[in-house]
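Notes for the structure review
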Amino acid sequence: MNDQKQEAFWQETGRWAGYEESFDPQAGVWAPSHISYLTFKSLIQLRRTMNTAVTIFDSEEKTLASIAEKMASEMVSKKQIRPGDQDGVLKALLQNRSQSADPEDQALTAGVDLKRFSVKERRDESDRVEASMVLVGALDFLEKPTVVFVRLKEAVVLDSALEAPVPVRFVFVLIGPRQTDMDYHETGRAMAALMADKVFNQAAFQAKSARELTDALTDFMDCSIVIPPTEIQSETMLSSIITFQKKLLQDRLQSSDAVVRLDGKPRKVSISAGPPPEDPLARTGRPFGGMIRDIKRRYRHYKSDITDALNAQCLAAIIFIYFAALSPAITFGGLLADKVENMMGVPELLISTSIQGIIFCFVAAQPVLVIGFSGPLLVFEEAFFAFCKSQDIEYIVGRVWVGVWLVVIVVVIVACEGSFLVRFISRFTQEIFSILISIIFIYETFAKLGRIFKAHPLVLNYEHLNASVENPWHPKVEETNIYDNATGNTTVIITTIKPAYPNTALLSMCLMLGCFFVAFFLRQFKNGTFLPGKVRRLIGDFGVPIAIFLMIVIDINIDDTYTQKLVVPKGLMVSNPAKRGWLINPFGEHQTFPVWMMFACCVPALLVFILIFLESQITTLIVSKPERKMVKGSGFHFDLLVLVGMGGISAIFGVPWLSAATVRSVTHANALTVMSKGPKPVIEKVVEQRISGIVVALLVGLSILMEPILKMIPMSALFGIFLYMGVTSLNGIQLWDRMLLLLIPKKYHPDEPYATRVSTGRMHLFTAIQIVCLALLWIVKSSPVSLALPFILILTIPLRMVMTGRLFTELEMKCLDADDAKVTFEEEPGQDVYCESQMPL
């Protein structure tokens with residue numbers, strides 16, 4: 001490029017950081033990043049010039065000047081330029097606007113057009129970013145186009161070479177006369193696109209000869225698509241190219257796997273190099289061996305678990321996760337109180353979440369996990385309460401003995417390193433259970449609404465309310481005197497009547513659906529395009545608290561209609577002081593607890609353990625995925641002991657047991673994740689520490705002091721959140737997607753392995769088997785033997801094993817039952833953390 005004083009300088013006109021960005025010299029701005037598109041002519045010209053290119057491998061030069069001198073001298077020795085042109089080429093290569101101290105010394109002659117491209121690439125999956133520099137330009141004093149390719153032995157920062165001080169590994173130069181058929185700009189773009197390609201970049205990094213470079217270029221061209229000069233009427237006409245390109249890329253990666261990853265030793269040791277990571281689920285063969293290994297692996301990082309929390313990202317995570325943990329605690333607390341007739345409720349759940357959360361984050365091997373109450377545990381509590389009520393057994397005392405057996409079971413399992421069994425829990429079982437819980441959530445929501453309509457039916461005329469009293473919604477009390485003529489006694493019968501209030505059912509329905517739709521659409525809003533991304537995500541992440549707050553405001557302003565509110569005792573009182581206290585007598589509160597039941601409680605204890613084991617271990621698997629680059633290890637064995645042990649002991653105090661909450665834990669990990677910059681961010685690390693979990697648990701416990709505010713929440717609003725959790729839990733479940741495909745013509749099926757590599761009939765057969773299992777689980781759940789639900793669920797594991805090889809081939813099972821969930825941090829439209837697991841909330 002030439003400036004107003006006719007000084008030539010290298011103008012950076014393109015840069016690659018995953019995708020291409022083009023610079024507009026007239027406007028002085030960079031255009032948005034986009035996928036590179038190359039002309040076929042530029043690739044042909046590049047290939048032709050690379051056949052005669054000057055290649056310099058493992059050059060030890062450290063400065064741009066020494067590199068330029070070596071390139072110029074090599075061009076002369078290889079007879080690519082005349083000896084008399086060496087000074088002019090060297091002067092052109094070193095020309096830079098930032099170095100133009102004296103225009104008289106730096107000015108070049110006319111007929112010079114210089115352009116520069118930069119490519120940034122991450123080396124060996126480490127944090128080190130290296131750059132490639134592509135220089136193309138027209139120098140009219142040259143006879144023919146000339147190419148030089150340089151690979152430095154050590155990547156070095158070249159002064160004034162790039163805008164950002166990034167170490168440069170490769171330098172490519174293409175210079176020649178203007179009067180030729182060479183398009184320097186497009187050929188330079190083609191070379192920059194090559195360097196941005198991971199396969200070619202790695203091939204160039206390992207190349208030992210110019211022939212290997214040209215072979216890698218040929219491989220790149222083999223996987224490139226040429227569009228004939230045909231007018232494209234609409235963008236939809238290009239959709240078929242995507243499928244074709246995916247196949248080309250798949251074939252290319254398979255063929256280049258051995259070359260790129262296995263062929264030869266790497267020339268530079270990666271920062272992340274070292275022994276392969278140990279498998280945390282591998283058995284040691286010693287009692288408690290896995291637990292001891294978890295403790296040794298994690299506790300050596302205990303000091304950094306405290307110091308790493310001293311950053312702003314942890315503070316932001318604390319604020320967000322506090323609301324993410326508080327909303328389910330209040331919702332499940334209100335629903336739990338309704339299921340077990342107020343024997344446990346919001347105060348017990350808040351205190352349990354707080355105290356157990358603080359203890360867990362202090363001692364756990366994976367403190368990023370967020371523990372809390374969940375849907376499966378709610379289903380169990382309802383079934384166990386119904387069983388105790390039918391047998392005339394004190395439910396709250398029965399939980400104490402279930403807790404005792406829980407401790408026994410978890411000690412035995414951890415001693416035998418039983419956590420390895422999580423390997424056998426495939427997507428087949430996870431998704432059946434997930435959809436069952438989601439359906440229970442949705443069904444219970446409308447069942448509750450139906451009971452409200454039954455208690456407050458829509459009638460033509462209602463009794464007139466006395467608005468002058470303090471509480472017009474207070475139940476009526478009627479006294480009936482019955483006189484017995486034979487004895488002369490009078491019996492007084494006091495009847496409490498809860499009248500049907502006008503508009504209660506309609507308002508409850510509006511609050512429930514309003515809370516659901518506000519929370520649901522705020523979640524959709526987060527993935528939209530309105531408002532800046534940070535503001536949009538902030539509003540979407542706090543969608544549930546915003547929805548509850550708006551329903552409270554609406555309910556308060558409609559003061560002439562009764563709605564049932566959340567029951568929250570004042571202070572640290574239990575939900576039902578008349579029937580229980582904070583310490584439960586294991587031998588009976590109001591009646592003697594039967595001895596046989598003390599031993600029989602081992603059965604429900606096993607069921608609770610299965611539920612906590614399933615959800616907690618699978619949550620740990622998801623949070624500890626290699627893609628997250630967590631370096632302090634996980635704790636499958638030790639965390640299970642801590643979690644179940646605390647749950648067993650907490651039963652003595654009459655508070656709920658907890659498990660690792662899948663969605664809240666993934667959300668916490670995402671909030672602590674540090675992403676790289678650029679158009680396509682990747683995970684750099686996760687801030688692994690204990691402080692955010694401890695502070696969140698402490699704040700949840702202090703929330704019990706918000707009793708005046710919590711008592712304003714309408715129960716119907718919590719039903720809406722229950723519906724929201726049920727509906728959103730269906731997202732990302734492959735079984736749900738395949739159930740919908742039963743009603744969708746084949747031509748509209750997605751481009752997924754389970755739909756493309758498995759015949760439609762076989763896919764529907766697999767779906768039908770899962771639906772039958774789901775129906776069987778629903779029947780068991782709705783029957784008097786609902787406590788057996790986890791046992792029936794476990795039977796799906798051997799069923800899946802029997803199906804493999806007999807009913808379905810190995811390939812079909814890989815497509816239908818593969819664990820293909822992936823980490824999604826930067827949420828794409830229609831995707832969020834709910835898509836990352838097949839387990840329910």
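Residues numbered from 1 in each chain as written. Predicted model: local features only at pLDDT ≥ 70, side-chain atom pairs only at ≥ 80, totals over all residues. Heavy atoms only, no water.

Further remarks concern the overall build of the protein chain. Looking only at helices and strands, the protein chain features 31 helices and 14 strands. Counting the 841 residues in the protein chain, one finds 50% classified as buried. When contacts within the protein chain are restricted to residue pairs at least 6 apart in sequence, long-range pairs at least 24 apart make up 76% of them. (Helix = DSSP H or I, 4+ residues; strand = E, 2+ residues; numbered from the N terminus. Buried < 20%, exposed > 50% of the residue type's maximum accessible area, 1.4 Å probe, protein only. Contact = heavy atoms within 4.5 Å.)

So, about helix α25 (residues 715-728). Two residues of an α-helix separated by three or four positions point the same way, owing to the 3.6 residues in each turn. Its 14 residues give α25 an end-to-end C-alpha distance of 20 Å, which sits within 8% of 20 Å, the value for a rise of 1.5 Å per residue. The buried fraction of α25 is high, at 13 of 14 residues. (Expected span 1.5 Å × (residues − 1).)

Most of helix α6 (residues 198-206) is tucked away: seven of the nine residues are buried. Those residues of α6 that fall on the buried side of the exposure criterion are V199, F200, N201, Q202, A204, F205 and Q206.

Here we take up the state of the cysteines. As enumerated under the stated definition, the model contains zero disulfides in all. Unpaired in terms of disulfides, C388 finds its nearest cysteine sulfur in C601, a separation of 7.1 Å. On the accessibility criterion, C388 (0% relative accessible area) is buried. (Disulfide = S-S within 2.5 Å.)

Time to look at the environment of A669. Inspection of the secondary structure puts A669 in helix α22 (residues 662-671). Put simply, A669 and M630 are 39 residues apart on the chain and 9.9 Å apart in space, counted from C-alpha to C-alpha. The contacts of A669, once residues within four sequence positions are left out, are V368, V623, R628 and V686.

Before going further, it helps to spend a moment on the pairing of strand β8 (residues 168-176). Counting buried residues along β8, nine of its nine residues qualify, which places the element largely inside the surrounding structure. Pairing of strand β7 (residues 146-156) with β8, which is carried by seven bridges, proceeds in the antiparallel orientation. Across the sheet, residue V156 finds its bridge partner in β8, namely V168. (Pairing = 2+ DSSP bridges.)

Here the structure, examined in full by the defined rule, presents 24 salt bridges. The salt bridge involving K153 is made with E60; its shortest N-O contact spans 3.8 Å. Remark: E60 occurs in the loop between β4 (54-59) and α2 (64-77) and K153 occurs in strand β7; sequence separation between them is 93 residues. Among the salt bridges present, the one from E431 reaches R738, with a minimum N-O distance of 3.9 Å. Of this pair, E431 sits in helix α15 (residues 427-455) while R738 sits in helix α26 (residues 734-741); the two residues are 307 residues apart in sequence, bridging distant segments of the chain. (Salt bridge = Lys/Arg side-chain N within 4 Å of Asp/Glu carboxyl O.)

Turning next to the environment of I683. Considering the arrangement of structural elements, one finds I683 in strand β14 (residues 683-686). In this structure I683 comes out as buried when scored by relative accessible area, which is 11%. Remark: the alpha-carbon pair of I683 and K629, spanning 54 residues in sequence, is separated by 7.4 Å.

A few words now on the packing of aromatic side chains. Ring pairs (aromatic) are described by centroid distance and by the angle formed between their planes. Applying the stated criterion to the full structure yields 18 aromatic pairs. Taken together, the ring pairs in this structure connect F380, F384, F385, Y395 and W657 into an aromatic cluster. Its guanidinium or amino end placed over the ring of Y37, R189 lies 5.3 Å from that ring's centre, counting from NZ or CZ. Between R580 and the ring centre of W582, over which it is positioned, the NZ or CZ distance is 5.9 Å. (Phe/Tyr/Trp six-rings, centres within 6.5 Å; stacked < 30°, edge-to-face > 60°. Lys NZ or Arg CZ within 6 Å of the ring centre and 35° of its normal.)

For R399, the location among the structural elements is in helix α14 (residues 395-415). Exposure remark for R399: the relative accessible area of 0% places this residue in the buried category. Here E381 takes part through its side chain, which lies 3.2 Å from a polar atom of the side chain of R399. What R399 contacts, discounting residues up to four positions off in sequence, is M344, E381, F384, A651, G654, V655, P656 and W657. (Polar contact = N/O pair within 3.5 Å; in protein donor to acceptor, adjacent residues only side chain to side chain.)

Look at α15 against helix α16 (residues 504-526): their axes get within 9 Å of each other, and the N-to-C directions meet at 160°. Judged by the angle between their axes, α15 and α16 are roughly antiparallel. For α15 against α16, the interelement crossing comes out right-handed. Between α15, through T445, F446, L449, I452 and F453, and α16, the contact on the second element is made entirely by T504, A505, L506, S508, M509 and M512. Its residues placed into classes, the contact of α15 with α16 shows eight nonpolar, three polar and no charged. (Axes fitted to C-alpha atoms, helices over the stretch in contact; angles between N-to-C directions. Parallel < 35°, antiparallel > 145°, perpendicular 65-115°, else oblique. Left-handed = near helix turned anticlockwise from the far one by under 90°. Nonpolar A, V, L, I, M, F, W, Y, C, P; charged D, E, K, R; others polar.)

Moving on to unusual backbone geometry. The phi torsion at D58 lies on the positive side, around 55°, for a residue other than glycine. In this structure, D58 sits in strand β4. Its identity as a non-glycine residue notwithstanding, D392 has a phi of 55°, on the positive side. Position of D392 relative to the elements: it lies in the loop between α13 (375-390) and α14.

Moving on: the confidence of the model for the protein chain. Chain-level statistics for the protein chain give a pLDDT mean of 77 and a share of 84% at 70 or above. Taken together, the stretch residues 1-6 has pLDDT below 50 and engages in 14 contacts with residues farther than four places along the chain or on a different chain. Low confidence marks residues 97-111, where pLDDT is under 50. Its contacts with residues over four positions away, or in another chain, come to 24 contacts. (pLDDT = per-residue confidence, 0-100.)

Here the focus is the packing of helix α12 (residues 346-363) against helix α21 (residues 636-650). Contact pair α12 / α21: the axes reach a minimum separation of 11 Å and the direction vectors enclose 155°. The angle between α12 and α21 falls in the class roughly antiparallel. As α12 runs across α21, the sense of the crossing is right-handed. Contacts between α12 and α21 involve Q356, I359, F360 and V363 on the former and, on the latter, F638, D639, V642, L643, M646, G647 and S650. Considered class by class, the residues forming the contact of α12 with α21 number seven nonpolar, three polar and one charged.

Right, let's talk about the environment of I393 for a bit. On the secondary structure map, I393 appears in the loop between α13 and α14. Each C-alpha atom, one on I393 and one on G588, is 9.2 Å from the other, the two residues being 195 residues apart in sequence. Setting aside residues up to four positions removed in sequence, I393 forms contacts with C388, Q591, F593, P594, W596 and M597.

Turning our eyes to something else, we now look at a nonpolar patch on the surface. A grouping of I225, I227, I232, M237, L238 and F244 is seen on the molecular surface, where their side chains present a nonpolar patch of about 520 Å² in accessible area. On the secondary structure map, I225 appears in the loop between α7 (210-222) and α8 (239-262). (Patch = residues over 30% accessible without salt bridge, like charges linked within 9 Å, V, L, I, M, F, W, Y side chains within 5 Å. Areas by Shrake-Rupley, 256 points an atom, 1.4 Å probe, with all protein chains shown as cover.)

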